Each structure stands twice: as C-alpha cells, then as structure tokens.
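Take a look at the letters that make up each chain.
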Amino acid sequence: MESVIDSAISSWNRLLADDPIAKDPDAVAYELEKAGLIEGGNTRCNVLRPRFVTASRYHDERELTRNVVKIHEKMLAGIESGQVPDRNLGGLKDWIRQVRSLDPRPESRKAAWLRLDASLARTQLHAIELNGDTPGGEGHNDSAIALFKALPATERFIRQFDGQFLPLLPRFESQILTRAGEVANVEKPSIAWACWDDKRNRETIVEGMTSYLVARGCPVVFGDPEEFEVSEKETRLKGQRIHVILRACLTPEILERRDQAQALVQAAQSNHTVVLNPLGTEPLGHKVLFAAISDPELNAILSPAERRIITRHIPWTRLLVEQRTTSPKGTEIDLLPWVLDHQSQLVLKPMHGHAGEGVLLGWHTDQKHWETAVHQQLGESIVQMRVHLHSERYPVIDQNLAEEIFYEDTDPFLFDGETVGTLTRLSTSEITNVSTGGGVTATMVLSNT
C-alpha cells in the first residue's frame, strides 16, 4: 500500500514533468539567482523537490526537539552547580566559566534561537548536535522556499495535499525586533554583523538573512569586532549607530582573540546594544555535553522518561580520552582500544569544530589514518556512534529531471524555546554541511495527514 509520502512524491513528480520552468535549466537558473541560492559560484539548492513530512511526523519532531533541549539545559545546569561531576568531560566546567566571563549576566545564557542537527534513521529521529552559538541556515531555507513558490507545479500540489512550507526568517526578524525593543525605542533597528576580516567568506553564508532584513527596512553593515566603537550610551560601526549585533564569529574565536574582541564584549555587556546570540549561549551546544548526557554514570539527575529519550534518540558519545567507561551495549570497556576496534561504527568530531570541519567518518577512513587521528585528537575530540543517515531520491536540476540519491539532515529550529521550522540539508556525501559542499531544500508539511 502506497504511503502518504510516496503518494505525495509521485504526484509531485507528475506535476513537475509538466512544469515549464522546471524543464528549462535556464529558467531554473534565473529563479535560483533571484532567490539568492547561488553564492560564490556555488548552487545551494540542486534539487527540484521539497522534503515532505506528515503533520504527525512534524509534531513528533517538534516535541523531540523541545525535550532534547530541556535535557541539555538540565545537564548543563547540573555540571555548573557540581551536581554532575566534571569527569572525563575535558574540563567542560572550566570552559563554561570562561564563556560566562564574556558576559556574566543571567540573560546572556538565554539563546534567541537554537538549531538541532538530526537525522531520521530506522524510523527514529536521532539528535547528533545542538548549535547554541551561531545557528545558521535560515536564509538558505527561505531562499529554497522562494524557489519552489516560483514553480507552477507547487501551487497545484499544495491544493491537492494542503502542503505548508516552514519559513524561518520571519521568526528570526521577530527575535531581533523583540530584543532590540528591550534596549531602544526604534521601529527598525540598525544591525551589524560581527565577522573577522580573515573569515570574511562567512558573509556569503548569511547573505539571505541579510537581504531579508534589508528588504524589511533594517539597515545592515558588516564589521570586524575590532571596528566597533562602544561608549556608555551607544555602539557605533562605520559611523552608524548600532542596536543589534549578529555574530558570524564563534565563541571559541572570541575567547582566543579576546583582546581583539574587547569592543564586541563591551557591547554585549552594555544596556544599549543587543548581541545575538548572547555570548553565554555556546555551552548549551557544546559537543562534550552529548558525552555527559549519554553516559549513565553522569546522567543520574535525569528522569526515567528523559533517559528513555536519550536511549532512543541520542547516539552514544564519549570524550576521546583514556578512560574506563561503558560501551553502547552497556558493557565496561577501555575506550581507546575499543574505538580502534570499532572504527566502522564511529565518528570523530573536534569538540570545538564548526560546519563539519575536521569530522572523520570511520567507515570512510583507512585504518592507519584512523589510528593516527585517534592518538592525535586525544582530549580534543568526541567519539560518537554512527547514525545511518536517511536517504531519498530527488529530481535534480536537469532538463530530464533525472533523480539522484541524497542523504538528508533534519534540523529543527527553536526560537525562544519554541520549535517553529525545520531546515533540510541534502548531500551526496554523509557530511551535509553547506560549507562543505552540501545543499538545502525546503521542508513542506502535508497538513491533512
């Protein structure tokens, strides 16, 4: 019996075959350019189908996201208070202290938005990372929506299946306006992106978000953290009064280059400028926190219901250090020999890594390279159980609308703790980050399912 999703895909493909834009690569290229999906010569959306999700599945994704974040918050608070021992966590408690020193105010710990990185595997959604520092992808998501809205097939499909896209930028803007209203009585706040000169390529990653804000009447300027001028009354950048600073620079970079970032830190601590995300939010998404959450010797503060969520939805994770611990099956092991023996089941991730940088997939790595990496990354990386990513066939941008297989990432966003949309990342490889060659498509909820 054909499932609702299979039926939707079949209907979409039939409609797409008669779509005059979809069949014309030049017309598609024009829509891609107009939507802002071509950046630096790279096309950020290579497929011509949204990811379809049933309303019931989307409800489950939202509920899981909310619960996973609550578990992270509870464990983080336990580590800070000493209720959870900082054992084999790589000095996480000391790292939290360093981050808190950037802005010690309690409100600096409250993220404006978060992104959970997850994948559907064996019918269960598995949460593999949480970005509490500088979550990205909102602009790419909404640009993909704009592309599909330009296709005549989309309107006909929505009428048939009552489909709804999940835009993110309106909530992103709402967060900015709400936070800006706490420090200034302005209708359209002036916004600055803080970005190091030597990493200016990040401007392309936030291009869609920037274009959206400018179109909504908010002036936007880019600047190095050193360029901000902060007084008792205001923050200025390139002669312009700034109300909100958005960060394209990461917390580890700010700590490493604190002298150069002093003006940004000063602005964050002021009562006249908002920095988003606040400088205290990074620990919530620290990769080592997954090790604490998934270790039964450390997660005793969690309820039985919370531990059941971990068992079903969070992969076994440990800091890569010499230690006695438990395996995914609960048996006692020496971690390093076990990691060497179970290479094909494991992933290495730098604990301060970003955008897929330095991630090593054991099943795609030769044994010698794996052994070398394990010994070189002691104390610097986590090791995580492999999640078998879900894959689907998607029609690619081609005159014949040929189909290719893509791995999917399901990345729900939370704004003020509420799950309001999902970024879908696609890649022909199992590292789906856009910055490492992955792409995106829109997510559509089939509301009558």
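Residues numbered from 1 in each chain as written. Predicted model: local features only at pLDDT ≥ 70, side-chain atom pairs only at ≥ 80, totals over all residues. Heavy atoms only, no water.

### Considerations on the overall build of the protein
For the protein, the count of helices and strands is 15 helices and 24 strands. At 22 Å, the protein has a C-alpha radius of gyration in line with the 22 Å of a compact globule built from 449 residues. Within the protein, the proportion of its 449 residues that are buried is 55%. If you take every contact in the protein between residues at least 6 apart in sequence, the share linking residues at least 24 apart comes to 70%. (Helix = DSSP H or I, 4+ residues; strand = E, 2+ residues; numbered from the N terminus. Rg over C-alpha atoms; globule rule 2.2 N^0.38 Å. Buried < 20%, exposed > 50% of the residue type's maximum accessible area, 1.4 Å probe, protein only. Contact = heavy atoms within 4.5 Å.)

### Considerations on helix α7 (residues 169-181)
Because each turn of an α-helix spans 3.6 residues, side chains separated by three or four positions end up pointing in the same direction. An ideal rise of 1.5 Å per residue puts 18 Å on 13 residues; α7 measures up with 18 Å between its terminal C-alpha atoms. Within α7 the residues assigned to the buried category are Leu 169, Phe 172, Glu 173, Gln 175, Ile 176, Arg 179 and Ala 180. For α7, the buried positions fall inside an angular range of 155° around the axis, keeping them on one side. (Expected span 1.5 Å × (residues − 1). Arc of directions from axis to C-beta.)

### Let's talk about the sheet that holds strand β17 (residues 346-350)
The strand order β14-β19-β17-β18 describes an open sheet built from four strands, whose pairing is antiparallel. What marks the edges here is a single partner per strand, and that holds for β14 (317-319) and β18 (360-361). Relative to β18, β17 runs antiparallel, the two being bridged by two bridges. The residue bridging Val 347 from the neighbouring strand is Leu 361, located in β18. The sheet contacts of helix α15 (residues 367-376) involve β17 and β18, and relative to β17 the element is tilted by about 45°. (Pairing = 2+ DSSP bridges. Axes fitted to C-alpha atoms, helices over the stretch in contact; angles between N-to-C directions.)

### Quick word on the environment of Thr 54
Its place among the elements puts Thr 54 in strand β3 (residues 51-54). On the accessibility criterion, Thr 54 (15% relative accessible area) is buried. A polar contact of 3.3 Å, which involves the side chain of Thr 54, links it to the side chain of Ser 56. (Polar contact = N/O pair within 3.5 Å; in protein donor to acceptor, adjacent residues only side chain to side chain.)

### Regarding the packing of aromatic side chains
For the structure on display, the rule yields ten aromatic pairs. Note on Phe 157 and Phe 161: the rings are 4.7 Å apart at their centroids and 20° apart in plane angle, and the pair reads as stacked. A residue pair is termed a helical-turn pair when its members lie 3 or 4 positions apart in one helix, as Phe 157 and Phe 161 do in helix α6 (residues 152-161) at four residues. A residue is classified by how much of its surface remains accessible, and Phe 157, at 0% relative accessible area, is buried. Their ring planes at 85° and their centres at 6.2 Å tell us that Tyr 394 and Phe 406 sit as a pair that is edge-to-face. Taken together, the positions of Tyr 394 in strand β20 (residues 391-395) and Phe 406 in strand β21 (residues 403-415) put the pair twelve residues apart, joining distant regions of the chain. Of the two residues, Tyr 394 and Phe 406, both sit in the buried class. One aromatic cluster is present, built from ring pairs that chain together Trp 12, Phe 52, Phe 148, Phe 157 and Phe 161. If you follow Arg 49 out to its NZ or CZ, it ends over the ring of Tyr 394, 4.0 Å from the centre. If you follow Arg 257 out to its NZ or CZ, it ends over the ring of Trp 196, 3.9 Å from the centre. (Phe/Tyr/Trp six-rings, centres within 6.5 Å; stacked < 30°, edge-to-face > 60°. Lys NZ or Arg CZ within 6 Å of the ring centre and 35° of its normal.)

That's the geometry; what it means functionally is another story.
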